[in-house]
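# Structural overview
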Protein chains: 2
Amino acid sequence: MPKGFQDFYPDRFSHCYGCGKDNPHGHHLKSYWDGEETIARFTPGAEFSGGVPDNVYGGMIASLFDCHGTASAAAFAQRAQNRAMGDGDPPRFVTASLKVDFLRPTPIRVELVVKGKLESIEGRKVRVTMILSAQGIPCATAQMLAISLKE
Amino acid sequence: MPKGFQDFYPDRFSHCYGCGKDNPHGHHLKSYWDGEETIARFTPGAEFSGGVPDNVYGGMIASLFDCHGTASAAAFAQRAQNRAMGDGDPPRFVTASLKVDFLRPTPIRVELVVKGKLESIEGRKVRVTMILSAQGIPCATAQMLAISLKE
């Protein structure tokens, strides 16, 4: 699998359960460019069901947005400085706030596609909006405010 | 362990990875009354770290809020009708929207306490606010709009 944004995080920041390359137990979500936007794909196993066995639990959906959003913020910040993700250590963003709107039940054992769009960059603050879709149908949207850690 | 709110969900709604009694892989979060408010406790294992190994990943925090929030909504809705959680099948709430504000890094391998407070009930819509604390220090807050499934 090609390197995702998360694979360029410095080692000390690579332990995230959702997306860290150095977490052996985790989901290893990987985010990429998709034109001007960003994209990540993930197929949840049956164990990650919500209350009913056919749908994904809300925490998984929030996790995908959280990991894809902070990775996207890092990529957008690098791009704004005309840098690629592998061009020096990228900034490591953390989530200040995340709002998720659940539009409809999200099916399980189906590839979920999360797309991220840059809304604004102001100093260390990056705002990202996201859509999570299954088979082309939007199931949830999110708004994130991410802040880069000071070096 | 005493029965949590989630243990009273009808079997068909008890498969949630975060809190379902019938999900053998999940976290089995349990929510209880705490006076007029609600409470849940959870100690994340080291594997659920965020980017740095000492802190919890954002998805876990959102998961705890999501599961505790919908369970609290069910309990608040039952109480509004002068019913206990074991008094007939409680309504099963799903999340319409969840906003999480991350105040500071949340430590790992420490008991996290999530408290829920009822803001309003309007028909099938229940609004809940929550605070997640570690060792008495608030680490994150959340606002949820939950909606009960139609029977």
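Counting of residues starts from 1 at the beginning of each chain's written sequence and follows it residue by residue. Each chain takes a letter, starting from A, and each ligand takes a number, starting from 1, following the order in which they are written. Local features in this predicted model are restricted to residues of pLDDT 70 or higher, and side-chain atom pairs are both shown and tallied only at a pLDDT of 80 or more, whereas totals for entire chains, interfaces and linings draw on every residue.

Bringing the overall build of chain A into the picture now. Secondary structure summary: chain A contains one helix and six strands in total. Put simply, chain A runs from its N terminus to its C terminus through helices and strands in the order β-β-α-β-β-β-β. Over its C-alpha trace chain A gives a radius of gyration of 15 Å, about what one expects of a compact globule, namely 15 Å for 151 residues. A principal-axis box enclosing the C-alpha atoms of chain A has dimensions of 45 × 30 × 25 Å. Within chain A, residue pairs in contact and separated by at least 24 positions form 63% of the contacts whose partners lie at least 6 positions apart. A run of H or I in DSSP becomes a helix once it reaches four residues, and a run of E becomes a strand once it reaches two; helices and strands are each numbered from the N terminus. For a compact globule the rule gives 2.2 Å times the number of residues to the power 0.38, and the radius of gyration it is set against comes from C-alpha atoms. A pair of residues counts as a contact when their C-beta atoms, built from backbone coordinates, are within 7 Å of each other.

Mapping chain B onto chain A leaves a residual RMSD of 0.0 Å; the transformation is a rotation of 180° accompanied by 0.0 Å of translation along its axis. This pairing of chains is accounted for by a two-fold axis. Ranked by how close their C-alpha atoms come to the rotation axis, the residues of chain B are headed by Lys99 of chain B, at 2.0 Å. An overlap of 100% is found between the interface residues of chain B and their copies at the interface of chain A, pointing to a shared contact surface. Copy-to-copy alignment: least squares on C-alpha atoms, limited to residues at pLDDT 70 or above in both.

We now examine the interface of chain B and chain A. The partner chain A presents 34 residues to the 34 residues of chain B that form the contact. Where the side of chain B that touches chain A is concerned, the elements lending two or more residues are helix H1 (58–80) and strand S3 (93–102) of chain B. Looking at which element gives the most residues to the side of chain B that touches chain A, the answer is S3 of chain B, with eight residues. In the scheme used here, Gly and all other residues not listed as nonpolar or charged are polar, with Ala, Val, Leu, Ile, Met, Phe, Trp, Tyr, Cys and Pro taken as nonpolar and Asp, Glu, Lys and Arg as charged. Residue composition of the side of chain B that touches chain A, by class: 14 nonpolar, 14 polar and six charged. Only strands joined by at least two bridges in the DSSP assignment are considered to pair. Relative to S3 of chain B, strand S3 (residues 93–102) of chain A is paired through five bridges, and the arrangement is antiparallel. The residue bridging Ser97 of chain A from the neighbouring strand is Asp101 of chain B, located in S3 of chain B.

Judged by pairing direction, the sheet is antiparallel, and its 12 strands sit side by side in the order S1(A)-S2(A)-S4(A)-S5(A)-S6(A)-S3(A)-S3(B)-S6(B)-S5(B)-S4(B)-S2(B)-S1(B) without closing on themselves. Pairing within the sheet leaves two strands with one partner each, and these edge strands are strand S1 (31–34) of chain A together with strand S1 (31–34) of chain B. Adjacent strand axes in the sheet meet at a mean angle of 25°, parallel and antiparallel pairs treated alike. Examined bridge by bridge, strand S2 (residues 37–42) of chain B and strand S4 (residues 112–122) of chain B share five bridges and lie antiparallel to one another. The residue bridging Ala40 of chain B from the neighbouring strand is Val114 of chain B, located in S4 of chain B. Note on method: axes are straight lines fitted to C-alpha atoms, helices fitted across the in-contact stretch only, with angles between N-to-C directions ranging 0 to 180 degrees.

Take H1 of chain B next. Compared with an ideal rise of 1.5 Å per residue, which puts 23 residues at 33 Å, H1 of chain B spans 32 Å between its outermost C-alpha atoms and is within 8% of the ideal. Just downstream of H1 of chain B lies Asn82 of chain B, where phi reads positive at about 60°. Multiplying one less than the number of residues by 1.5 Å gives the expected span of a helix.

The next point concerns unusual backbone geometry. For Asn82 of chain A, which is not glycine, the phi dihedral falls at a positive 55°. For Asn82 of chain A, the location among the structural elements is in the loop between helix H1 (58–80) and S3. You will see that Arg109 of chain B, though not glycine, has its phi angle at about 60°, which is positive. For Arg109 of chain B, the position within the fold is in the loop between S3 and S4.

As used throughout, a nonpolar core is a set of buried Ala, Val, Leu, Ile, Met, Phe, Trp, Tyr and Cys residues joined through C-beta atoms within 7 Å of each other. Backbone-placed C-beta atoms define the burial measure: a residue is buried with 20 or more other C-beta atoms within 10 Å of its own, exposed with 12 or fewer, and partly exposed in between. Core analysis: the biggest nonpolar cluster contains 86 residues, and Leu64 and Phe65 of chain A together with Leu64 and Phe65 of chain B have the highest contact counts within it. Apart from residues no more than four positions distant in its own chain, Leu64 of chain B is found in contact with Leu29, Ala40, Phe42, Leu112, Val114 and Leu132 of chain B.

The pairing of S3 of chain B with strand S6 (residues 137–148) of chain B spans nine bridges and is antiparallel. By the bridge assignment for S6 of chain B, Phe102 of chain B is matched with Ala140 of chain B.

All names here are of chain A. Looking at the element boundaries, Ala73 is found in helix H1. Here Ala73 falls in the buried class, since 31 other C-beta atoms lie within 10 Å of it. Along the sequence, Ala73 and Thr95 sit 22 residues apart, while their C-alpha atoms lie 9.8 Å from each other.

Our focus in this paragraph is the confidence of the model for chain A. Predicted confidence across chain A gives a mean pLDDT of 96, with 99% of residues reaching 70 or more. In the predicted assembly, ipTM is 0.96 and pTM is 0.97. pLDDT measures the predictor's confidence residue by residue and takes values from 0 up to 100.

On to the pairing of strand S2 (residues 37–42) of chain A, then. All names here are of chain A. Of the two faces of S2, only the one carrying Thr38, Ala40 and Phe42 is buried; Glu37, Ile39 and Arg41 on the other face are not. Summarising the sheet, S1 and S2 pair through four bridges and their orientation is antiparallel. By the bridge assignment for S2, Trp33 is matched with Thr38. Linking two consecutive strands that pair antiparallel, namely S1 and S2, is a turn of two residues; a positive phi of about 65° is found at Gly35 within it.

Let's shift gears to the environment of Met60 of chain A. All names here are of chain A. Residue position: Met60 is located in helix H1. Under the C-beta neighbour-count criterion, Met60 is labelled buried, with 26 such atoms within 10 Å. Among all residues touching Met60, those that are not within four sequence positions of it are Pro44 and Phe48.

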